[in-house]
Amino acid sequence: MPRLTSDFWVSAYLRQAARDGLVAVLRRRGAREAGAVFVKLDRLDGTAALYGPAPQALADETGERRFQLVLDADPLAVEDRVAREVRFDSDLWLVEIENRAGDARLELVEG
């Protein structure tokens, strides 16, 4: 099954977060068709996490985007990692979501 474009997936993710009463914002727009999507989770308690695309070997056969934890640390460390990722891939998307419960609302793989 073909995968959704990055811009479509991000748009749907932001709408679902809003419907669930969560604050989620697009911080960086990447390549429309296939830019990698990263999600920063701010738990609003001085901790944050960064999720990135899961490796292709762990892809879902249905085409659903899956993510893996890249870093779980303080918000400044996560921002430093985001800056490194952007230097490596200038086409990436960055979405930030705030959720005190610590749920980024993503399909995660064990990594």
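Remember, predicted model here, so these are calculated numbers, not experimental data.

Draft legend 1. Inspection of unusual backbone geometry at higher detail. A positive phi angle is found at Leu44, which is not glycine, with a value near 65°. Mapped onto the fold, Leu44 is located in the loop between strand S2 (37-42) and strand S3 (48-53). Here Arg105, not a glycine, exhibits a phi torsion of approximately 60°, which is positive. Tracing the chain through its elements places Arg105 in the segment after strand S5 (93-98). Accessibility expressed as a relative area gives 37% for Arg105, which makes it partly exposed.

Draft legend 2. The arrangement of the nonpolar core in detail. Residues Tyr13, Val39, Ile97 and Leu106 are the most contacted members of the largest nonpolar core, which totals 17 residues. Of all the secondary-structure elements, those providing two or more residues to this core are helix H1 (6-19), S2, S3 and S5. In terms of residue count, H1 provides more of this core than any other element does, four residues in total. Those residues within four positions of Tyr13 in sequence are excluded, and the remaining contacts are Val39, Val95, Ile97, Ala104, Arg105 and Leu106. Grouped together as the second largest cluster of nonpolar side chains are eight residues, Ala36, Leu50, Val78 and Leu92 included.

Draft legend 3. Quick look at the pattern of salt bridges. If you walk through the whole model with that rule in mind, you get ten salt bridges. Across the pair Asp7 and Arg32 runs a salt bridge, and its minimum N-O distance is 3.4 Å. Taken together, the residues span a long stretch of sequence, with Asp7 in helix H1 and Arg32 in the loop between strand S1 (23-28) and S2 at a distance of 25 residues. Where Arg27 meets Glu96, a salt bridge forms, and the shortest distance between an N and an O atom there is 2.8 Å. Of this pair, Arg27 sits in strand S1 while Glu96 sits in strand S5, placing them 69 residues apart in sequence. On the basis of relative accessibility, which here comes to 38%, the residue Arg27 falls in the partly exposed class. Using a relative accessible area of 13% as the deciding quantity, one classes Glu96 as buried.

Analysis parameters
Residues numbered from 1 in each chain as written. Predicted model: local features only at pLDDT ≥ 70, side-chain atom pairs only at ≥ 80, totals over all residues. Heavy atoms only, no water. Helix = DSSP H or I, 4+ residues; strand = E, 2+ residues; numbered from the N terminus. Buried < 20%, exposed > 50% of the residue type's maximum accessible area, 1.4 Å probe, protein only. Core = buried A, V, L, I, M, F, W, Y, C linked by side-chain atoms within 4.5 Å. Contact = heavy atoms within 4.5 Å. Salt bridge = Lys/Arg side-chain N within 4 Å of Asp/Glu carboxyl O.

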